[in-house]
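Letter by letter, the chains look like this.
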Amino acid sequence: MKHRRSILFLIPFAVVSAFVALWGATLAYSVWHQRESVYEEVSQRTTRNAFRLLRLAQNKETVRNGVLAENVRFTADELNARALVVIDHAGRVLAASDEHWIGRNFADILPGVLTTRWQQALKQGKTSRVVDPELTTFEVFVPAARAHRTAAPDPADAGGVYLAVNAEAVAVSHDMGHLADQAAILGMALVFASGLTIWLYFRVVSPLRKIVAGSKALRDDINAQMPDVGFGEIADLVAAFNETARQLALRHGDLYRTQYALGERIKELSCIYDIFRLTERDDTPLAEVLASVTARIPAAMRFPDLCRVQIGYGDIVVGSVAHGDRVVLRFAGATGRNGSLTVCYLPLPSDAGDAFLDEERAMLDAIASRLGRTIAHREALAESRHSQALAEAVFDQA
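Everything quoted here is computed from the prediction, not taken from an experiment.

Procedures and definitions
- Residues numbered from 1 in each chain as written.
- Predicted model: local features only at pLDDT ≥ 70, side-chain atom pairs only at ≥ 80, totals over all residues.
- Heavy atoms only, no water.
- Helix = DSSP H or I, 4+ residues; strand = E, 2+ residues; numbered from the N terminus.
- Buried < 20%, exposed > 50% of the residue type's maximum accessible area, 1.4 Å probe, protein only.
- Contact = heavy atoms within 4.5 Å.
- Areas by Shrake-Rupley, 256 points an atom, 1.4 Å probe, with all protein chains shown as cover.
- Salt bridge = Lys/Arg side-chain N within 4 Å of Asp/Glu carboxyl O.
- Lys, Arg positive; Asp, Glu negative; His and termini not counted.
- Polar contact = N/O pair within 3.5 Å; in protein donor to acceptor, adjacent residues only side chain to side chain.
- Expected span 1.5 Å × (residues − 1).
- Core = buried A, V, L, I, M, F, W, Y, C linked by side-chain atoms within 4.5 Å.
- Phe/Tyr/Trp six-rings, centres within 6.5 Å; stacked < 30°, edge-to-face > 60°.
- Lys NZ or Arg CZ within 6 Å of the ring centre and 35° of its normal.
- Patch = residues over 30% accessible without salt bridge, like charges linked within 9 Å, V, L, I, M, F, W, Y side chains within 5 Å.
- Pairing = 2+ DSSP bridges.

A. Region of the structure containing the overall build of the protein. Tallying secondary structure elements over the protein gives ten helices and nine strands in all. A burial count over the protein gives 36% of its 398 residues as buried. The contacts of the protein with a sequence gap of at least 6 include a subset with a gap of at least 24, amounting to 58%. For the protein, the exposed surface amounts to about 23,900 Å²; the carbon and sulfur share of it is 57%.

B. Here's a closer look at the pattern of salt bridges. With the rule as written, the count across this model stands at nine salt bridges. A salt bridge links D283 to R281, with the shortest nitrogen-to-oxygen separation between them at 3.1 Å. Here R337 ties to E379 by a salt bridge, and the two come within 3.5 Å at their closest N and O atoms. With R337 in the loop between strand 8 (326-332) and strand 9 (338-345) and E379 in helix 10 (residues 358-397), this pair connects stretches of sequence that are 42 residues apart. A relative accessible area of 43% places R337 in the partly exposed class. The network of salt bridges with common partners includes D274, R277 and R296.

C. Expanded view of the side chain of R302. The residue R302 is located in the loop between helix 9 (286-296) and strand 6 (307-313) in this model. Although R302 is buried, it forms no salt bridge, and the closest oppositely charged side chain is E360 at an N-O distance of 4.3 Å. Separated by 2.2 Å, the side chain of R302 and the backbone oxygen of D354 make a polar contact. Ignoring sequence-local partners within four residues, the contact set of R302 consists of Y260, E264, K267, Y345, A352, D354, A355, F356, L357 and E360.

D. Representation of helix 8 (residues 232-278). Taking 1.5 Å of rise per residue, 47 residues should cover 69 Å, and helix 8 covers 68 Å from first to last C-alpha, within 8% of that figure. Within helix 8, the full set of buried residues consists of I234, V238, F241, N242, A245, A249, G253, E264, E268, C271, D274 and I275.

E. Region of interest: the nonpolar core. Counting residues in hydrophobic clusters, the biggest one holds 28 residues, and the most contacted among them are I297, M301, L341, V343, L364 and I367. The set of elements that each furnish at least two residues to this core consists of helix 8, helix 9, strand 6, strand 8, strand 9 and helix 10. Top element by residues in this core is helix 10. It accounts for six residues. The residues contacting M301, other than those within four sequence positions of it, are E264, K267, C307, V343, Y345, F356, E360, M363 and L364.

F. View of the packing of aromatic side chains. On inspection of all chains with the given rule, the structure shows three aromatic pairs. Geometrically, the ring pair formed by Y313 and F331 is stacked, given 6.1 Å between the ring centres and 15° between the ring planes. Here Y313, found in strand 6, pairs with F331, found in strand 8; they are 18 residues apart in sequence, far enough to count as distant. Ring-pair connections join several aromatic residues into one group, and the members of that group are F303, Y345 and F356. The ring of F276 has R370 lying over it, and the distance from NZ or CZ to the ring centre is 4.4 Å.

G. Spatial organisation of a nonpolar patch on the surface. A grouping of I198, Y201 and F202 is seen on the molecular surface, where their side chains present a nonpolar patch of about 310 Å² in accessible area. Along the chain, F202 turns up in helix 7 (residues 167-217).

H. Structural view of the pairing of strand 5 (residues 160-166). Most of strand 5 is tucked away: six of the seven residues are buried. One ladder, built from six bridges, connects strand 1 (residues 81-87) with strand 5; its direction is antiparallel. Directly across from V85, in strand 5, lies its bridge partner Y162. Sheet topology note: the strand 4 (residues 137-143)/strand 5 ladder contains seven bridges and is antiparallel. Bridge pairing links V140 to L163 in strand 5.

Rendered as structure tokens:
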């Protein structure tokens, strides 16, 4: 039997969908809310690293032994820097994230607008921060004067550090990390949904399908019963179904027996009516009447094909008998002669029970009584006609 998809399977998917939607909304709000703090953190880290590199650049030993260049590369990788440049007092590049920039003039590397901006910061001796309108890049220029925290710039401290960081990449990295942290929760939700689906199938859907199949089995077998399946209300439903099926089978059996008994009574009443009608006509020979009665009785019995009937009265014997269960009923005519009605069966099935029902015996007794009255009436009528004929003959002779 082809099963339709159960609507109960929508429950875990609805739960998970609602959870995922809530989880996604919460995650989006969390990411959006944390973006500003991420950008602020990137700005602070960028400024701190620029100051650190500037202090290293002012130490000639670190410049000579390559510590500055190593720190520049490390910082550029750590911050995912778009550009990291350390310039000397003459504006030449001492160290950079791109080795091709080393030894070149700072003004040759940056566009004209940025060069002018950083030259103004250099003259003012102030740290300059620039953030693009889309919050994707942080640019920091720290002049050498700010490294000493002097109140006014010293011309001898010309130089500084330029650091441009791709903040969007940092934010995306942060978002991915946040998503990775939340992936466990989503995974647990999916596992929960899968477990709930499996549980629903074996504990709810499968028992319900068995109940449906059991209800359909009642069409072919009124005594069908379902095995105990499910739990709780489903188990109660199965028990109620089986009890209902048992009661229905009992009612069906009672109805069948009542209908069968009614059919038998109708056959018996029809037989009595037909026999009364057959015996009402006085112009039909008695032998023919008895033969018609013999032929009509088997159809009123439970086993008409196995039933044999014989009626005897005086010299008249019609029908046949069999060597089996039988009922013999006596009747007498007006002259005192005895007659008999014999109804017998060929061997019956083993589960037939009593060969003759009480209602059948009552019917046969009524038929025998009717035969006795009919024959007595015929004999009395014949005697009356004979007496009348004798009287007419005597009257004619006189």
